[in-house]
Amino acid sequence: MIIPVISIFLMAPRMVNLPPGKVLMVLQPHHDDHTTDYGMGGLIAKFTEAGWEAWYVRASNDEKDGANGYAHNDMINLRESLAGTRELGMKGVYSLNWRNDYMDPIPLNELREQLILLIRKHRPDVVLGHDPWGHYDRNPDHRKVARAEAEAVWMAGLSNVHPEHFELGLKPHRVPYRFYKARVDYGRGHEANAFVELTESQVRKKQKAYVAHRNVYASPAMARSVRQQLEAQGLVIPELEGKSDEEAAVMIEEWHMDWISRKRGAENGVRYAEIYWFADEFDSLPGLKEYLGANVVKK
Amino acid sequence: MRMLALFLLLAAGLWAKTILIVAADAPDFVLAAGGAVAAMIEAGDRAILVRVTNEDKDSYGLTAEETALRSRAECEQAAGILGIGKVVHLGYRAGELGGVSPTEIRDRILFQVRLHKPDVMFIPNPYAEYVEQLDRHYVGMAAEEARRAAALGNHQPPHEAVGLKTHHTPELYYYAQPVDPRRREPESTATFVPQPVVKDIARTFAKKVRAAQALKTSNHAMAMRVRERLEATGRRLPLLDTVDDASVAKLAELNVAGLAKIGAADSPYRMAEEFHYAGKDFQVPEKLRAK
């Protein structure tokens, strides 16, 4: 007998604190993905303020991002990703240098192997990245890196996966916790199940990390345009008076980061927040999760 | 009386369905669909399992070759417990399907569809979210496509030369272990698309447990991974203080029981499995059905 069923399991995001651990790895395609209007910068700062060692893996060379031509963009974006991640207290950046926006046809298993190698080297307790199951993400690099990440986090724990790594003294390591982000305005693809509360200090770091990417954000032309539009309506923003277009652009972008952090906070009953899909350590064993929760004891 | 028994036997044979199960790996199929398939077999249907990967990665302390060998034997044992009559091993290396042509996988499954002419297919749900083993996604995509392509004569024309006719499979079950929080949501209100269903597995639960326990290599790896994770964080699970055949079998049973409980949520059943089901009306618009 077939019984059709419909039920809604989804609930409002729950507050998640930092899981136990000490190493964070952020797996992303681009220089600026560590801090966007849909997440990460505040959470990364939360980890590093708590003493975690944090690494950024940038899979592409970012040659398309910016108005300076391929090679220059590549160089500027690398410099700015070092600056941005430094604002967040991260320890270092690995650039895999796959060609920006040309990642769809690259071998998935090769990219995955690079991530597995770095996971085995640093043994992160948490990986942050794009949601591999996000819908409508039209950026090929986001999709590709997320898909490689989805498997790398658990396959790094299997001794029959790239056993050549063990010649270097590395050992299998399965990543127990994952935070995934994606735009929530892209259809029904990504629905957050968790929010993390941010402090004022973490939001300030997020702002600084965001505007470190002057090659793509905080454009003086944007500030000029905003001011012209306001002027046409007889309006001004007092805080921007006397500032150069570049200074005004930085302020506007910082307000944007502040606004989105407040918005996510208000939606979840706190002052500042970011929202994620959070995967707990035994989520991949749904049949055992309840039993483990009830029967695991301290040593 | 004898004639009646003979008639009933013949009738059962005529009405029996052929089920083709496509799986990336044995644990996924057994845990997500083993109970429902066993129930259909107990009711008289016959089943064939197409196992796409060789499962050479999922072990603890064994080489890939030894893992593949053991997993194959254990898969056949589990299939036998569920009553599956035949297992076809396609032999792709586990975890590597992201580097294999989807069309190649599709066409190998398509061959099996035309060979066995199933009435029902069980395939991994490629749209299930947060299923970390992407082999299951790739196999689901390939199998879904194979079901369609097997009915179209312009796919694999050489098949006709060897007597393989086109075949349409009228019923389709998409299975996945319950990690997708939106799995109970209907895909849409359209009549075309598979809808969520649950199937009672209380009668075949014990059989499913035994089939799951037969997958000793992957169960042992699961137990060791859980134990290592707990040890690394200053915790322990008393059941796994000693990891041996008995404790691993118990863990497998608990896993099946936990999954059955999740599957039965919001249903009239005590133990169940969840699917997306596309029945005979699949792809027939409602306005045309009356005609």
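Residues numbered from 1 in each chain as written. Chains lettered and ligands numbered in written order. Predicted model: local features only at pLDDT ≥ 70, side-chain atom pairs only at ≥ 80, totals over all residues.

## Looking at the packing of helix α4 (residues 102-116) of chain B against helix α5 (residues 134-149) of chain B
All names here are of chain B. Applicable threshold: Here an axis means a line fitted to C-alpha atoms, over the contact stretch when the element is a helix, while the angle between two N-to-C directions is reported on a 0 to 180 degree scale. Numbering of helices and strands runs from the N terminus, with a helix taken as a DSSP run of H or I at least four residues long and a strand as a DSSP run of E at least two residues long. Throughout, the term roughly parallel applies to angles under 35 degrees, roughly antiparallel to angles over 145, roughly perpendicular to angles from 65 to 115, and oblique to all others. Handedness of each helix crossing follows the sense of rotation of the near helix against the far helix: counterclockwise by less than a right angle gives left-handed, clockwise gives right-handed. Any pair of residues counts as being in contact when their C-beta atoms, constructed from backbone geometry, are within 7 Å of one another. Any residue outside Ala, Val, Leu, Ile, Met, Phe, Trp, Tyr, Cys, Pro, Asp, Glu, Lys and Arg is labelled polar, Gly included; the first ten of those are nonpolar and the last four are charged.
Relative to each other, α4 and α5 sit at 50 degrees, their axes nearing to 8 Å. Judged by the inter-axis angle, α4 sits oblique to α5. By crossing handedness, the relation of α4 to α5 is classed as right-handed. Here P102, I105, R106, I109, L110 and V113 of α4 lie close against α5, whose contacting residues are Y138, V139, M141, A142, A143, E145, A146, R147 and A149. Among the residues making up the contact of α4 with α5, the classes are represented as 12 nonpolar, no polar and three charged.

## A word on the interface of chain A and chain B
Basically, it comes down to this: Between any two strands, at least two bridges found by DSSP are needed for them to pair.
Contacts between the two partners involve 42 residues from chain A and, on the opposite side, 46 residues from chain B. Residue assignment for the side of chain A that touches chain B shows that the elements contributing at least two residues are β1 (3-4), α3 (108-122), α4 (140-155), α8 (286-295) and β10 (297-298) of chain A. Looking at the side of chain A that touches chain B residue by residue, the class counts come to 26 nonpolar, eight polar and eight charged. Sheet topology note: the β10 of chain A/strand β7 (residues 235-236) of chain B ladder contains two bridges and is antiparallel. When the bridges of β7 of chain B are listed, K298 of chain A appears paired with R235 of chain B.

## Topic: the sheet that holds strand β6 (residues 126-130) of chain A
Pairing between sheet strands relies on hydrogen bonds along the backbone, with the strands arranged either parallel or antiparallel. All names here are of chain A. Taken in spatial order, the eight strands make up an open sheet running β2-β8-β9-β7-β6-β3-β4-β5, and their pairing is mixed. Edge positions in the sheet fall to β2 (14-15) and β5 (92-98), since each has one partner strand and no second. Two elements, strand β8 (residues 194-198) and strand β9 (residues 272-279), share five bridges in a ladder whose sense is antiparallel. The partner of V196 across the bridge, within β9, is E274. Where α3 meets the sheet, it contacts β3 (23-28), β4 (53-60) and β5, and its direction lies at approximately 165 degrees from that of β3.

## A closer look at the pairing of β9 of chain A
Applied cut-off: The burial criterion counts other C-beta atoms lying within 10 Å of a residue's C-beta, which is placed from the backbone; the residue is buried at 20 or more, exposed at 12 or fewer, and partly exposed between these limits.
Burial analysis of β9 of chain A places eight of its eight residues in the buried class, the great majority of the element. Covered by surrounding structure in β9 of chain A are Y272, E274, Y276 and F278 of chain A together with A273, I275, W277 and A279 of chain A, the residues of both alternating faces.

## Describing unusual backbone geometry
Residue and element names in this part refer to chain A. Backbone geometry places D101, a non-glycine residue, at a positive phi of 65 degrees. When you line up the elements, D101 lands in the loop between β5 and α3. Classification of D101 as partly exposed rests on a count of 16 C-beta atoms within 10 Å. Phi is positive for H162, close to 45 degrees, though the residue is something other than glycine. For H162, the position within the fold is in the loop between α4 and β7 (177-181).

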